[in-house]
Amino acid sequence: MTETRRLQLHLGKCIEDLDKLYNVPDLKTKRATLLCKTAQKLFEKAEEERDRGDEENSYVYYMKYLRVVAFISKDKEYLKDKTYFNNMLGAKNPNKAIDAAEKLKNSLIDRYEKEQKEKRLHDIKENELIKQKIDENRKKALESIPVYEQPQPLGLPGLDEVTIKSEQLYSILKSGKLKVMILDARPGDDYLESHINYPACISIPKECMSPGQSANALEQNLPAASKLVWGERATMELIVMLDWNSTAVIPGETLHLLKTILLKWDVKVHYARPPLALYGGYEDWLLKYPAFTTNPHAVPPSQDSMLDDMLGEIDYPNWSDLNPSPPPVQTTPPRPAKPGEPVIDRSSKVAAVQLYEERARNMQLILEEQERIADTSLTLEMQRIEAEQDWEKVREQREQEPRDELRAQYRLREHEILSQLMQLENKQFDMEQENQSLREQLEEYQKREREEAEKLVEALRKATDADTQAVEAAARRSAVEAAARELAARRARIADVRAQHRQLDRRREALEQQRKRKLADARRAAKPQDDDGDTFMEPVEDSSENQGLNRSQSSPNIAKGWGEEEVPTFDRGTKPSKLAPVNDEPQRDFQPVWGDVGRGLTGLKNLGNTCYMNSIIQCLNNTAILVTYFCNKQYLEHVNRSHSTRGAIAEELAAVVRALWSGQYRFIAIKDLRNEVGKHQRAFRGNEQQDSHEFLTILMDWLHLDLQFSIKPPQKESLGAAERAWHEYTRCKESLVLRLFYGQMRSTVRCVRCGERSATYDSFSNLSLELPAAAARCTLQDCLNLYLNGETIPGWNCPKCKEKRDAVKKLDISRLPPVLVIHFKRFYVDPKEYMSNTYRKKQTYIDFPLENLDMSQFSLHCPGNPMYNLYAVSNHYGSMEGGHYTAYCKSSVYGKWYKYDDHVVTEIPATEVKSSAAYILFYTSCGRS
């Protein structure tokens with residue numbers, strides 16, 4: 001039988017396109033008999049299309065058929081007479097349809113992949129032909145037409161532009177009026193092959209850059225030829241960055257990373273203007289000005305680089321591995337050991353050396369890690385000193401600046417430096433905790449090593465073979481001496497770094513004393529300003545009696561002095577295309593600062609101690625389903641005007657989310673949302689420090705009430721205890737916020753005498769976990785176990801015993817929400833100062849997973865997916881008296897982690913997400929398979 005000829009693909013480009021086509025309409029109103037007839041028609045149509053060779057249509061009809069069959073199997077009529085309906089459907093048809101759909105799916109996936117590959121190959125060949133023709137035409141033009149210069153546009157791009165065109169750069173380079181530096185961010189090999197023929201064009205290899213890297217650290221990795229020109233960057237009037245073909249500075253890409261290093265982590269250099277990206281990259285320059293390159297015949301980056309990387313990871317066999325091994329040499333069997341005497345391999349000195357090298361390797365690894373931590377800690381200390389000096393310089397410039405606009409810019413820069421200092425402090429604290437753990441491991445390993453060495457020496461002493469004993473003793477001495485030299489060198493290196501660290505500490509303390517004296521003189525000279533409040537949550541007075549948890553004195557503790565009205569405003573009349581279309585919504589005062597950024601990567605201006613609010617809003621702004629709900633304006637169907645807030649909180653938050661996802665603002669101000677929140681909660685009205693967890697909890701309740709909609713009441717008789725308690729709590733009033741964030745907890749009290757149990761159910765929008773007492777480090781699992789494990793309750797009124805008994809109370813999660821929010825109770829009342837209500841903060845480092853958090857062990861067989869991935873963290877730095885909030889969020893668009901520090905948004909590596917500053921974790925099970 002010949003195989004049916006398959007028709008050309010026409011319905012989609014991937015299997016996901018077909019999955020959208022087999023949805024069936026609402027079938028609740030249809031009778032089972034009619035549905036069986038419909039299913040039979042779908043099955044016949046699927047068979048017909050398959051015979052015709054149309055695999056796509058056949059797959060869609062099979063899937064529609066299976067959808068209808070699945071619905072029929074739950075119908076009441078079907079359940080009453082299964083035999084009758086199965087005969088109507090055909091007893092073997094469902095299984096046949098499943099097998100056929102599976103085969104078709106696999107076939108279609110292969111065909112789609114093959115088609116895409118062929119299309120890519122065709123595009124590559126077509127591009128090569130086009131470029132070949134361009135090269136030929138360019139060559140003919142150069143040979144036949146004399147070289148002349150086309151008129152080029154003069155002048156620099158505007159201050160709000162982030163790119164420069166090749167024509168503009170060419171004109172500037174030819175005029176020679178400006179000092180220009182060109183930073184080529186392509187891979188180093190591509191730069192060597194061809195680059196712009198200009199003395200100040202240097203290679204900043206892509207492979208040398210990493211998120212969070214400082215300019216000084218980058219300089220150490222640069223090629224020798226680049227370092228000399230790089231050192232002159234402060235004197236340059238224009239810096240141009242380029243890669244192969246970028247037309248914008250996209251967050252997460254190489255140019256954005258380089259720009260961040262220059263503007264944020266180059267504290268010693270003040271640039272005349274922000275670096276510009278070459279529009280179209282080196283490809284555009286090569287096309288337009290091939291004569292001004294070192295090699296006009298440069299080859300574009302290979303399309304097969306990804307395949308090469310994959311092949312490079314394969315371990316290929318060695319020819320020697322394929323040859324048969326020679327027969328073993330017959331040797332005299334070793335003397336059997338005496339009873340109680342250990343058996344020792346004395347075959348050769350090499351074996352003994354390997355034995356002792358293996359024993360020393362673990363200690364070396366620990367010392368290498370300690371050396372890395374010491375180097376990192378020293379780097380952080382140097383960055384702190386540089387930042388403090390930078391802060392002092394900016395503060396002095398701000399005090400001497402007569403113009404309000406520039407003075408406000410200096411205050412904004414002070415804010416960034418203070419935030420950086422607090423985070424550097426926190427990183428150093430985490431490094432110290434990690435180093436302490438390594439020291440404990442090293443001591444334990446050294447103890448075990450000494451015990452094993454003593455046993456081995458005793459075994460060697462008992463050996464009777466003098467020659468073998470001498471060989472092993474010599475081998476042991478050689479290996480031990482080599483390992484000892486290596487370990488001693490590493491210890492000396494660590495000691496040297498620690499000495500430098502102590503020297504920097506003394507230097508920082510001297511700077512701190514000098515700064516305090518200057519602040520005291522400034523306070524005596526003038527009264528503090530009364531404005532909107534400080535950006536950071538700090539006390540008005542720098543008094544040691546009011547510190548609570550002592551914060552490091554290295555971080556400047558600025559008195560209140562900058563408010564929201566001092567941030568510079570600009571005339572935006574030159575950007576009419578950026579303005580939102582006129583609609584019926586109220587006009588909101590976002591005070592936007594324009595700039596092309598990635599979607600969802602807009603910052604929030606601090607309005608005076610509102611960093612707690614900014615942190616939470618950015619975490620919610622990265623909750624994908626909530627963002628879609630607000631951006632598509634689906635929430636308008638559910639706005640509840642009968643609640644006390646009359647839907648205003650939800651409307652203001654939705655407006656903020658849409659602005660943050662527009663991609664056209666560097667940062668905005670949320671004055672309207674803050675004012676609306678302040679109307680309904682006095683604590684959030686002023687400029688005092690507030691708790692982000694308290695704000696989140698209240699905001700969740702407001703949003704739930706603002707967006708409520710009614711559902712049909714269920715039949716309570718058919719519900720279990722947990723479901724019945726849930727519907728009693730909701731009272732048939734639900735919301736998207738409730739369905740996303742709210743879960744349910746079961747509390748069971750059991751009498752220890754008779755075993756009588758009593759269960760109650762409560763809802764939660766977040767889990768608030770205690771931290772283990774006196775623990776410097778713990779895991780999220782430790783905190784969950786501490787929260788859910790049973791506790792003894794004395795004097796419980798047992799309904800069965802009819803008297804007071806000791807009981808055990810146990811918590812279990814009976815309903816897991818799609819978005820699980822976990823809060824750590826870091827703040828507590830100091831028992832030594834209970835009467836003064838003084839709060840302290842636990843700086844415990846908590847190890848939590850970024851992916852695959854399994855909550856099944858903590859829940860009661862809840863429906864839904866128990867596996868969660870982390871997507872946001874609200875961080876708190878400092879203490880109750882002087883602290884600051886930030887947010888770490890994973891972008892659903894770019895798949896990378898970003899730090900939201902009020903108005904500043906920067907990319908960070910995933911390794912920085914875990915820290916002792918973690919305060920609230922946001923996990924999601926949405927989108928997981």
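This text follows the structure it describes.
These figures come from a predicted structure and were not determined experimentally.

Here we look at the overall build of the chain
Each helix and strand in the chain was counted, giving 25 helices and 26 strands. Burial status across the chain gives 45% buried among its 929 residues. Excluding contacts between residues fewer than 6 apart, the proportion of contacts in the chain whose partners are at least 24 apart in sequence is 72%. Accessible surface for the chain amounts to roughly 50,900 Å². Of this, 51% is attributable to carbon and sulfur atoms.

What to know about helix α22 (residues 692-706)
In this model, α22 (15 residues) spans 21 Å end to end at C-alpha, consistent with the 21 Å of a helix rising 1.5 Å per residue. In terms of burial, α22 is largely enclosed, as 11 of its 15 residues are buried. When α22 is considered as a whole, its buried residues turn out to be Ser692, His693, Phe695, Leu696, Ile698, Leu699, Met700, Trp702, Leu703, His704 and Asp706.

Describing unusual backbone geometry
The phi angle at Asn609 is positive, at roughly 60°, despite the residue not being glycine. You can see Asn609 is positioned in the loop between β7 (603-604) and α18 (611-621). The backbone phi angle of Lys802 is positive, close to 60°, even though this residue is not glycine. If you trace the backbone, Lys802 turns up in the loop between β15 (791-798) and β16 (803-815).

Topic: the pattern of salt bridges
Applying the stated criterion across every chain, the model contains 22 salt bridges. Residues Asp184 and Arg186 are paired through a salt bridge, measuring 2.8 Å at the closest nitrogen-oxygen approach. Exposure remark for Asp184: the relative accessible area of 1% places this residue in the buried category. Among the charged side chains, a salt-bridge network with shared partners connects Lys45, Glu49, Arg52 and Asp54.

Notes on the pairing of strand β23 (residues 883-890)
Taken across its eight residues, β23 has seven buried, putting it largely inside the fold. Two elements, strand β22 (residues 867-878) and β23, share seven bridges in a ladder whose sense is antiparallel. Each bridged residue has a counterpart across the sheet, and for Asn875 the counterpart in β23 is Thr886. Pairing of β23 with strand β24 (residues 897-901) involves four bridges; the strand directions are antiparallel. Counted as the bridge partner of Cys889 is Tyr898 from β24.

Digging into the environment of Ile417
Locating Ile417 in the fold gives a position in helix α16 (residues 404-462). For the pair formed by Ile417 and Trp391, sequence separation is 26 residues and the distance between their alpha carbons is 6.3 Å. Among residues more than four places away in sequence, those in contact with Ile417 are Ala387, Asp390, Trp391 and Val394.

Considerations on the sheet that holds β15
Sheets are built from strands paired through backbone hydrogen bonds, the pairs being either parallel or antiparallel. On the basis of which strands lie adjacent, the open sheet formed by four strands has the order β12-β11-β16-β15 and antiparallel pairing. The outermost strands of the open sheet, each flanked by one partner alone, are β12 (757-764) and β15. Averaged over all adjacent pairs, the angle separating strand axes in this sheet is 35°, with direction ignored. As paired elements, strand β11 (residues 743-751) and β12 share eight bridges and run antiparallel to each other. Residue pairing in the sheet places Val749 in a bridge with Ser758 of β12. Lying over the sheet, helix α23 (residues 721-730) contacts β11, β12 and β16, oriented at roughly 45° with respect to β12. Across the sheet, helix α25 (residues 780-788) is in contact with β11 and β16; its angle to β16 comes to roughly 140°.

So, the packing of aromatic side chains
One pass over the structure, following the stated rule, counts 21 aromatic pairs. Considering the side-chain rings of Tyr629 and Phe630, the 5.8 Å spacing of their centres and the 45° angle between planes classify their relative orientation as tilted. With respect to burial, Tyr629 and Phe630 carry one shared label: buried. With 6.3 Å between their ring centres and 45° between their planes, Tyr885 and Tyr919 make a pair best called tilted. Here the residue Tyr885 occupies a position in strand β23, and Tyr919 occupies one in strand β26 (residues 918-924), the gap between them amounting to 34 residues. The buried category is assigned to Tyr919, whose relative accessible area is 2%. Through successive ring pairs, a cluster of aromatic residues spans Tyr170, Trp285, Tyr289 and Phe292. Positioned above the aromatic ring of Trp726 is the side chain of Arg815, whose terminal nitrogen or guanidinium carbon lies 4.1 Å from the ring centre. Its end group placed over the ring of Tyr828, Lys842 keeps NZ or CZ at 5.7 Å from the ring centre.

Definitions and cut-offs
- Residues numbered from 1 in each chain as written.
- Predicted model: local features only at pLDDT ≥ 70, side-chain atom pairs only at ≥ 80, totals over all residues.
- Heavy atoms only, no water.
- Helix = DSSP H or I, 4+ residues; strand = E, 2+ residues; numbered from the N terminus.
- Buried < 20%, exposed > 50% of the residue type's maximum accessible area, 1.4 Å probe, protein only.
- Contact = heavy atoms within 4.5 Å.
- Areas by Shrake-Rupley, 256 points an atom, 1.4 Å probe, with all protein chains shown as cover.
- Expected span 1.5 Å × (residues − 1).
- Salt bridge = Lys/Arg side-chain N within 4 Å of Asp/Glu carboxyl O.
- Pairing = 2+ DSSP bridges.
- Axes fitted to C-alpha atoms, helices over the stretch in contact; angles between N-to-C directions.
- Phe/Tyr/Trp six-rings, centres within 6.5 Å; stacked < 30°, edge-to-face > 60°.
- Lys NZ or Arg CZ within 6 Å of the ring centre and 35° of its normal.

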